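Given next are the chains, with one letter for each unit.
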Amino acid sequence: MRSVGSIFSYLWKIINGTRKFILNLVFFIILAIFIASLMQGEDPIEVPENGIMVLNPNGMLVEEKTWVDPFDKFLNEALGSGDEVPEVLLSDVIDSIEKAKTDERIGALYLNLQNLYPSGLNKLRAVADALNDFRTSGKPIISNADYYMQHQYYLAAHADQLYLNPMGAVVFEGLDYTQVYFKELLDKLKVQPHVFKVGKFKAAVEPFIRNDMSDEAREANQFLYSALWETFHADVTAARNINPLVTSGKIDDYMSAFNNANGDMAKMALETNLVDALRTRTEVRNELINLAGHDKEEDTFRHITFDNYLASEKVIPESLKPKDRDQIAVIVARGQIVNGSQKAGMIGGDSTAKLIRDARNNEQTKAIVLRIDSPGGSAFASEIIRQEILQAKEAGIPVIASMSSVAASGGYWIAADADKIVAAPTTITGSIGVFGLLMTLEDSFAAIGIHSDTVSTTEISSLNPLEEMTDYQKTLIQRSVETTYENFLSIVSNARNMSRDDVHEVAQGRIWTGQQAMEFGLVDQLGDYDDSIALAAELAAIDDYDVNIVKQELSSKEKFLADLFNSSSDYLPTPDISSQHWLMGTLNKVKSETAVLQNFDDPKNVYSYCALCPQPR
């Protein structure tokens with residue numbers, strides 16, 4: 001018989017051999033793609049005459065793409081995993097539509113929205129506005145899908161011809177918000193959550209202390225999402241004359257339409273005017289070939305995708321741009337607010353403050369637009385950013401806070417002292433409130449035989465997650481939370497010329513739409529990104545200017561790797577997010593909910609964060 005040692009030796013050889021095989025396989029895949037990219041060169045992208053531009057965004061619309069290590073991104077795509085939620089720049093989508101409108105080479109626009117991920121309503125509205133403007137050119141917009149999710153249909157409703165697969169369906173069921181709760185899990189793990197809060201409606205801590213929504217949280221959710229749904233519903237029904245049976249939100253109406261169509265959801269969509277016709281993929285393909293001509297090489301209609309279309313446009317190198325023109329600096333603040341320096345997709349107190357400082361120190365900067373898309377986070381990091389905004393104002397540079405989908409809690413904190421605040425009607429904002437949150441594990445570790453004991457030279461001992469919190473520690477954090485809340489009220493009161501009591505009345509962690517926030521005096525103007533730029537130019541009294549997007553500079557190594565692996569990624573297939581299994585989608589939601597905790601790094605454990613503010617499905 002083999003000895004135990006020889007068995008483990010044999011197993012190790014198998015494991016080690018497998019490891020070497022996988023590493024070698026990955027290496028040669030990367031090497032082959034790299035060599036292919038070098039040999040291929042950069043062939044010019046041609047826009048076909050009278051071709052069709054295909055708008056096929058793959059992922060979620062964002063103001064700024066999240067930084068991902070280029071090697072990790074390439075490796076994930078090579079192995080077929082890809083990003084959990086791919087991202088598409090909103091500005092790229094809108095720019096491509098605007099350019100195609102006046103481009104004589106583009107004869108029509110085709111919407112392929114199968115891979116569009118749920119995005120902020122204000123972002124969908126911005127794309128819809130661009131589509132409506134495109135239609136004034138007289139060029140047709142055609143949309144087709146096997147299945148329309150609600151957010152996809154919002155854009156498709158603005159097409160001249162809207163087609164659906166005969167086996168497909170259209171989802172039109174209203175907005176909803178689902179919160180994942182962890183109290184019972186924490187109880188089973190014997191984890192002690194310690195919560196400190198101010199404000200009746202500050203529900204960000206509820207997932208850790210409850211198994212369901214409080215009455216206050218449910219009231220706030222219902223109030224907010226009802227207002228958003230009214231806007232969504234009004235926009236879609238204004239774009240198409242849809243039968244009210246499928247838009248009323250009433251089960252009896254919906255089932256009446258469903259039964260009238262004999263249980264056929266595609267037929268129901270046609271009969272209620274959700275779509276213009278039912279078409280197979282082949283029928284749509286042939287129609288587009290008749291419209292734009294046949295691309296024999298690809299055996300499809302003559303077209304160019306929106307990202308390739310943008311890449312075909314000549315970009316003026318920075319070195320050739322005039323250096324003495326006035327500039328409006330745009331700084332994107334997207335993501336959770338945390339301390340220190342962070343890459344794009346996360347707001348770092350130090351890194352975002354540095355971007356504002358860089359803009360202030362640029363002699364050509366005449367105004368700053370802070371484009372905010374954030375549910376907040378660390379109160380300390382938010383204050384660091386606000387202080388830098390004050391420095392810009394003291395230097396005589398007007399600052400505009402431009403709110404995207406979300407600018408709440410810490411997101412409102414960094415906006416409050418801007419000269420003007422511009423929000424979309426559907427922006428989620430407010431949530432003026434703070435809380436403290438930390439976990440201790442004394443019972444969890446004791447259950448498995450691990451204990452902790454401490455010797456201290458004073459009675460003021462530091463927090464130890466392996467030991468029970470003392471009464472003085474609890475008092476310290478609660479008072480810190482209360483003081484920070486009062487500071488928040490003072491900041492808003494002074495900046496918005498409101499009394500402390502008036503601010504408190506609309507604060508307490510309550511969330512509002514941009515429309516509601518304007519009625520309460522928390523916002524100066526309703527508008528979008530372009531309106532913010534125009535307002536900045538007005539305050540700076542300039543007519544001729546460039547818009548300068550201020551970004552973090554990459555190191556030489558990061559630039560090299562990004563160029564290398566981004567070009568190599570062109571040879572990999574695009575991941576199809578429409579086929580993601582429902583179970584994986586649910587697990588990813590749980591993962592994203594818990595990932596927020598990793599970024600709770602405030603030095604005083606005090607946060608201004610809105611847990612309810614991510615956009616609903």
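My aim in this report is to walk through the structure given alongside it, one point at a time.

**Focus: the overall build of the protein chain**
Move 1: Summing up its helical and strand segments, the protein chain has 22 helices and 24 strands in all.
Move 2: Within the protein chain, the fraction of its 617 residues that count as buried is 46%.
Move 3: At a minimum sequence separation of 6, the contacts of the protein chain that also span at least 24 residues come to 78%.
Move 4: Accessible surface, the protein chain: about 30,900 Å² in total, of which carbon and sulfur atoms supply 52%.

**A look at the sheet that holds strand β8 (residues 277–278)**
Strands belonging to one sheet form pairs held by backbone hydrogen bonds; the direction of such a pair is parallel or antiparallel.
Move 1: Within the open sheet, the 6 strands sit side by side as β8-β6-β5-β4-β1-β11. Their pairing is parallel. Each end of this open sheet is capped by a strand with a single partner; those strands are β8 and β11 (303–305).
Move 2: In terms of strand pairing, strand β5 (residues 141–145) meets strand β6 (residues 161–164) through 4 bridges, oriented parallel. Bridge pairing links Ala 145 to Leu 164 in β6.
Move 3: Docked against the sheet, helix α3 (residues 90–102) engages β1 (51–55) and β4 (106–111), running at close to 160° with respect to β1.

**With respect to the pattern of salt bridges**
Opposite charge on two side chains permits them to pair, given that their charged atoms come into close proximity.
Move 1: Applying the stated criterion across every chain, the model contains 26 salt bridges.
Move 2: In this structure, Arg 325 and Asp 544 form a salt bridge, with 3.2 Å as the shortest nitrogen-oxygen distance. Taken together, the residues Arg 325 in the loop between α12 (306–312) and β12 (326–334) and Asp 544 in the loop between α20 (529–540) and β23 (545–549) connect sequence positions 219 residues apart.
Move 3: Residue class for Asp 544 comes out exposed when judged on its relative accessible area of 52%.
Move 4: Two residues, Asp 546 and Arg 325, come together in a salt bridge whose shortest N-O distance is 2.9 Å. Of the two residues, Asp 546 sits in strand β23 while Arg 325 sits in the loop between α12 and β12, which places them 221 residues apart along the sequence.
Move 5: A relative accessible area of 26% means that Asp 546 is categorised as partly exposed.
Move 6: Connected via shared salt-bridge partners are Arg 325, Asp 544 and Asp 546.

**Looking at the packing of aromatic side chains**
Move 1: Counted by the stated rule, this structure contains 12 aromatic pairs.
Move 2: Pairing Tyr 153 with Phe 172 gives two aromatic rings, centres 6.3 Å apart and planes at 85°, and the pair type is edge-to-face. Here Phe 172 lies in the loop between β6 and α6 (183–189) and Tyr 153 lies in helix α5 (residues 150–156), a separation of 19 residues in the sequence. For the pair formed by Tyr 153 and Phe 172, the shared burial category is buried.
Move 3: Site record: aromatic cluster; members linked through ring pairs are Tyr 148, Tyr 153, Tyr 154, Phe 172, Trp 229 and Phe 232.

**Observations regarding the nonpolar core**
Move 1: Among the nonpolar cores identified, the biggest contains 52 residues, and Ile 331, Ile 368, Met 403, Tyr 412, Ile 432, Val 492 and Leu 522 are the most heavily contacted of them.
Move 2: When sequence neighbours within four positions are dropped, the list of residues in contact with Ile 368 reads Ala 329, Ile 331, Ile 356, Ala 359, Arg 360, Ala 392, Ile 397, Pro 398, Val 399 and Ile 400.
Move 3: Residues Leu 55, Ala 100, Tyr 154 and Ile 242 belong to the second largest nonpolar core, which totals 50 residues.

**Re the environment of Ile 209**
Move 1: Structurally, Ile 209 is set in helix α7 (residues 206–209).
Move 2: Overall, the relative accessible area of 34% leaves Ile 209 in the partly exposed class.
Move 3: Separated by 23 residues in the primary sequence, Ile 209 and Leu 186 place their C-alpha atoms 8.8 Å from one another.

**Considering unusual backbone geometry**
Move 1: You will see that Asn 50, though not glycine, has its phi angle at about 55°, which is positive.
Move 2: Relative to the assigned elements, Asn 50 resides in the loop between α1 (4–40) and β1.
Move 3: Assessed through its relative accessible area of 41%, Asn 50 is described here as partly exposed.
Move 4: Located in the positive-phi region is Ala 541, a residue other than glycine, with phi close to 55°.
Move 5: According to the relative accessible area criterion, Ala 541 is exposed, its value standing at 68%.

**Quick look at a negative patch on the surface**
Move 1: A surface patch of negative charge is lined by Asp 95, Glu 98, Asp 129, Asp 528, Asp 530 and Asp 531.
Move 2: Inspection of the secondary structure assignment puts Asp 95 in helix α3.
Move 3: Classification of Asp 95 by relative accessible area gives partly exposed; the value is 32%.

**Concerning the pairing of β1**
Move 1: Burial analysis of β1 places 5 of its 5 residues in the buried class, the great majority of the element.
Move 2: Of the two faces of β1, the one carrying Gly 51, Met 53 and Leu 55 and the one carrying Ile 52 and Val 54 are both buried.
Move 3: Examined bridge by bridge, β1 and β4 share 5 bridges and lie parallel to one another. Paired with Gly 51 across the strands is Ile 106, a residue of β4.
Move 4: Relative to β11, β1 runs parallel, the two being bridged by 3 bridges.

**Here's the deal with the packing of helix α13 (residues 349–361) against helix α14 (residues 379–394)**
Move 1: At a minimum axis distance of 8 Å, the contact between α13 and α14 shows a crossing angle of 5°. Regarding the angle of α13 to α14, the classification is roughly parallel. Listed contacts from α14 to Gly 349, Asp 350, Thr 352, Ala 353, Ile 356, Arg 357 and Arg 360 of α13 are Ala 381, Ile 384, Ile 385, Glu 388, Ile 389, Gln 391 and Ala 392.
Move 2: Split by residue class, the contact of α13 with α14 holds 7 nonpolar, 3 polar and 4 charged.

**Quick word on the environment of Leu 441**
Move 1: Topologically, Leu 441 is positioned in the loop between β20 (434–440) and α16 (442–447).
Move 2: Taking the relative accessible area as the measure of exposure, Leu 441 reaches 25% and is therefore partly exposed.
Move 3: For the pair formed by Leu 441 and Gln 192, sequence separation is 249 residues and the distance between their alpha carbons is 6.3 Å.
Move 4: Not counting residues up to four positions away in its chain, the partners in contact with Leu 441 are Val 191, Pro 465 and Leu 466.

So, how was this worked out
Residues numbered from 1 in each chain as written. Predicted model: local features only at pLDDT ≥ 70, side-chain atom pairs only at ≥ 80, totals over all residues. Heavy atoms only, no water. Helix = DSSP H or I, 4+ residues; strand = E, 2+ residues; numbered from the N terminus. Buried < 20%, exposed > 50% of the residue type's maximum accessible area, 1.4 Å probe, protein only. Contact = heavy atoms within 4.5 Å. Areas by Shrake-Rupley, 256 points an atom, 1.4 Å probe, with all protein chains shown as cover. Pairing = 2+ DSSP bridges. Axes fitted to C-alpha atoms, helices over the stretch in contact; angles between N-to-C directions. Salt bridge = Lys/Arg side-chain N within 4 Å of Asp/Glu carboxyl O. Phe/Tyr/Trp six-rings, centres within 6.5 Å; stacked < 30°, edge-to-face > 60°. Core = buried A, V, L, I, M, F, W, Y, C linked by side-chain atoms within 4.5 Å. Patch = residues over 30% accessible without salt bridge, like charges linked within 9 Å, V, L, I, M, F, W, Y side chains within 5 Å. Lys, Arg positive; Asp, Glu negative; His and termini not counted. Charge placed at Lys NZ, Arg CZ, Asp CG, Glu CD. Parallel < 35°, antiparallel > 145°, perpendicular 65-115°, else oblique. Nonpolar A, V, L, I, M, F, W, Y, C, P; charged D, E, K, R; others polar.

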